[in-house]
Amino acid sequence: MTDQTPPGGNGRPVNLTACDQSFAATVRKHAGTNFSACLHCKSCSGGCPFSEAMQHKPNGVIRLVQLGLRREALENDTMWICVGCHTCSVQCPMNIDIAAVMDALRHMALATNAELPQPDILTFHQAVLASIQTYGRTHKLDIMMRYKLKARDFFSDMNVGLRMLAKRKLDLTPSRVRQVEEVRALFDATVED
Amino acid sequence: MATSKLIDMAYFPGCSLATTAKESNASLIAYCRRIGVNLIELPDWNCCGSSSAHSLSRQLALDLASRNLAQIPEGLPLLVACPSCTLRLDEARHHLQTHATARTRFEANWNRPFDSGLKIVHFLELLENKTASNNSNGHCQSLNGLKFVPYYGCMLNRPPSIRSEKNLFGLMEKILAQLGAEPMRWSYHSKCCGTFLSVARPDAVVPLVNRIFENAVDTRAKCIVTACAMCHMNLEIRCTRKEKLPVLHFSELLSLAMGAGDHPDWFARHLIDPRPVLTTYGLLG
Ligand code: SF4
Ligand code: SF4
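Nothing here was measured: the structure is a model prediction, and the numbers come from that model.

(A) Geometry of the overall build of chain B. Check the secondary structure of chain B and you find 15 helices and 8 strands. Here chain B has a C-alpha radius of gyration of 19 Å; the compact-globule value for 285 residues is 19 Å, and the two agree. Judged by the C-alpha coordinates and their principal axes, chain B covers about 60 × 55 × 30 Å. Per-residue burial for chain B yields a buried fraction of 62% across its 285 residues. Considering only intrachain contacts with a sequence separation of at least 6, the fraction spanning at least 24 residues in chain B is 75%. In chain B, which carries 30 positive and 24 negative side-chain charges, the distance between the mean positions of the two groups comes to 4 Å.

As structure tokens, this is what we get:
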């Protein structure tokens, strides 16, 4: 193996003078899992189906957090690509909930307006939430329209969409919650928090 | 039919089964009826929040799940059809059971206490203790040696907090084998299907899905059987290989074996037509 990538990933050196000493503790509190036990055995990264697509492998992100490299940890794309499939935590010998670390970093990145390396993934999540806020349920066609408008991606997947429409797999009318105000109130309550 | 009284269970179909995967919902309800389970759909259920609520806000994810949990008739277990909804709702259940502040919020929002004994059951768990005979209830059509690979996606992987609960590994193989199908071994049964990345990053999902198909074809299976509507969709829309296999919902095969008569409707809705394979095995028409 020629893996000499330092914890900063991508062959770049890590600047340890830029460390935020309290960062690891904050992430740990949000995530509710003790990643200081991480052995860096890389089982998580080996099992993760999206390791290849990530800027840092899952264990690399844990290393960034341990080192207190706040900005690097909050502005790389790994936690956005992470789908929360838990393949990693099932394989982790230290029983670390790696997906919970990714969740915490994502929430912290949003809360601090960190720069987003994968805006389209956030756009997608927002389109799903907008659909839930409108109908109380997800409406696939509505989500796709919202997503495509915002991501300015009009033509990819036209073919897939048309095939699904032809098979009556994309309903034109949404399935709705009757008391949708109740669902909307939950969104309002979250904004206040 | 000399069935004893039906057992009631609360039922959460979830968005996919209410829309895109209607075929799976119909076959699931038909199957439950046959094994003596009466499903009472939550009167005004909402989306479980899916990956997106969970990705962006923990509180919103918990609140959306709670609104559903608050609609469960007292004392009934909740049957959930979709593995991903099961995980979301069960995480909320676990959080409510272990956090007093969350329970207070639940009570304030929904004017009822949280039922601390609540059980959330995925459709597969319901079948766990069924033997071949009561699965069939005397209505069994053999699946005639149909070769399949079971695809669980990420449903067998759970976060450490709820890991100690029941594991459903091997259940699809066991039940379908009892009904006359032949499971093939492979190592891709728990590979993730890509879930939401299928929309924003198809470039990352296509190779993964193609690898899943490649492995399935190598085992000489004639179809992939999945228990998740999201997996079903991603496998169907993201496979770019020439040589594809039909992807069947687990509940479709069950209902077919039970002799449900309305399957032409379900099979016509697949993007990869399963009818040629099923016809070869003498399972249609
Ligand atoms: S599998 Fe667990 S212990 Fe190993 S590198 Fe990943 S998080 Fe650390
Ligand atoms: S939960 Fe995230 S990091 Fe872990 S294996 Fe799945 S995609 Fe990779």
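(B) How the structure looks around helix H11 (residues 202-218) of chain B. All names here are of chain B. Compared with an ideal rise of 1.5 Å per residue, which puts 17 residues at 24 Å, H11 spans 24 Å between its outermost C-alpha atoms and is within 8% of the ideal. All buried positions along H11 are accounted for by Ala204, Val205, Val206, Leu208, Val209, Asn210, Ile212, Phe213, Asn215, Ala216 and Val217. Its buried side turned inward, H11 meets strand S5 (147-151), helix H10 (197-200), strand S7 (223-226), helix H12 (229-238) and strand S8 (247-249). In the stretch just after H11, Arg220 is the one whose phi turns positive, near 70 degrees.

(C) Examining helix H9 (residues 140-151) of chain A more closely. Helix length check: H9 of chain A (12 residues) gives 16 Å between terminal C-alpha atoms against 16 Å at 1.5 Å per residue, within 8%. If you check which residues of H9 of chain A are buried, you get Leu141, Asp142, Ile143, Tyr147, Lys148 and Ala151 of chain A. Elements that come into contact with the buried residues of H9 of chain A comprise helix H8 (119-135) of chain A together with H10 of chain B. One or two residues past the end of H9 of chain A sits Arg152 of chain A, with phi positive at roughly 50 degrees.

(D) Seen up close, the sheet that holds S5 of chain B. Residues and elements named next belong to chain B. With parallel pairing, 4 strands are arranged side by side in an open sheet as S6-S5-S7-S8. With partners counted over all chains shown, the strands left at the sheet margins are strand S6 (182-183) and S8, one partner each. Pairing of S7 with S8 involves 3 bridges; the strand directions are parallel. Across the sheet, residue Val225 finds its bridge partner in S8, namely Leu248.

(E) Structural context of the site of ligand 1. Residue and element names in this part refer to chain A. Within the structure, ligand 1 sits among 13 residues, and Cys38, Cys41, Lys42, Cys44 and Cys92 are positioned closest to it. Mapped onto the shell around ligand 1, the elements with two or more residues apiece are helix H2 (43-47) and helix H3 (58-67). Residues that form the shell around ligand 1 fall into these classes: 9 nonpolar, 3 polar and 1 charged.

(F) Representation of the site of ligand 2 within the structure. The local shell around ligand 2 consists of Cys48, Pro49, Pro58, Cys82, Val83, Gly84, Cys85, His86, Thr87, Cys88 and Ala99 of chain A. Class assignment for the residues of the shell around ligand 2 results in 8 nonpolar, 3 polar and no charged.

(G) Quick look at the interface of chain B and chain A. Facing 57 residues of chain B, the contacting portion of chain A comprises 57 residues. Buried area between chain B and chain A, both sides added, is near 5,100 Å², and the carbon and sulfur share of it is 59%. In this assembly, chain B and chain A are joined by 1 salt bridge. One salt bridge connects Glu182 of chain A with Arg67 of chain B, and the closest N-O pair in it is separated by 2.8 Å. The interface formed by chain B and chain A contains 16 residue pairs in polar contact (both at pLDDT 80 or more). Of all the secondary structure elements, the ones that give two or more residues to the side of chain B that touches chain A are helix H1 (14-18), helix H2 (22-34), helix H3 (50-56), helix H4 (58-69), helix H6 (100-110), H10, H11 and H12 of chain B. Considered class by class, the residues forming the side of chain B that touches chain A number 26 nonpolar, 17 polar and 14 charged.

(H) Quick peek at the side chain of Thr87 of chain A. Tracing the sequence through the fold places Thr87 of chain A in helix H6 (residues 87-91). Taking the relative accessible area as the measure of exposure, Thr87 of chain A reaches 11% and is therefore buried. With near-sequence residues (within four places) excluded, Thr87 of chain A lies in contact with Gly47 and Pro49 of chain A together with Asn157 of chain B.

(I) Seen up close, the nonpolar core. Membership of the largest hydrophobic core comes to 108 residues, with the highest contact counts inside it found for Phe50 of chain A together with Leu69 of chain B. Contact partners of Leu69 of chain B, with chain neighbours within four places excluded, come to Leu78, Leu89, Ala92, Arg93, Leu96, Phe106, Phe114, Leu118 and Ile120 of chain B.

(J) Broad picture of the packing of H8 of chain A against H9 of chain A. Residues and elements named next belong to chain A. Relative to each other, H8 and H9 sit at 140 degrees, their axes nearing to 9 Å. Viewed along their axes, H8 and H9 adopt a mutual orientation that is oblique. Between H8 and H9 the crossing geometry is right-handed. Where H8 approaches H9, its residues Asp120, Thr123, Phe124, Gln126, Ala127, Val128, Ala130, Ser131, Thr134 and Tyr135 are matched on the opposing element by Asp142, Ile143, Arg146, Tyr147, Lys150 and Ala151. Taken together, the residues of the contact of H8 with H9 break down into 8 nonpolar, 4 polar and 4 charged.

Scoring rules and cut-offs
Residues numbered from 1 in each chain as written. Chains lettered and ligands numbered in written order. Predicted model: local features only at pLDDT ≥ 70, side-chain atom pairs only at ≥ 80, totals over all residues. Heavy atoms only, no water. Helix = DSSP H or I, 4+ residues; strand = E, 2+ residues; numbered from the N terminus. Rg over C-alpha atoms; globule rule 2.2 N^0.38 Å. Buried < 20%, exposed > 50% of the residue type's maximum accessible area, 1.4 Å probe, protein only. Contact = heavy atoms within 4.5 Å. Lys, Arg positive; Asp, Glu negative; His and termini not counted. Charge placed at Lys NZ, Arg CZ, Asp CG, Glu CD. Expected span 1.5 Å × (residues − 1). Pairing = 2+ DSSP bridges. Near = heavy atom within 4 Å. Nonpolar A, V, L, I, M, F, W, Y, C, P; charged D, E, K, R; others polar. Buried area = accessible area lost by both parts, 1.4 Å probe. Salt bridge = Lys/Arg side-chain N within 4 Å of Asp/Glu carboxyl O. Polar contact = N/O pair within 3.5 Å; in protein donor to acceptor, adjacent residues only side chain to side chain. Core = buried A, V, L, I, M, F, W, Y, C linked by side-chain atoms within 4.5 Å. Axes fitted to C-alpha atoms, helices over the stretch in contact; angles between N-to-C directions. Parallel < 35°, antiparallel > 145°, perpendicular 65-115°, else oblique. Left-handed = near helix turned anticlockwise from the far one by under 90°.

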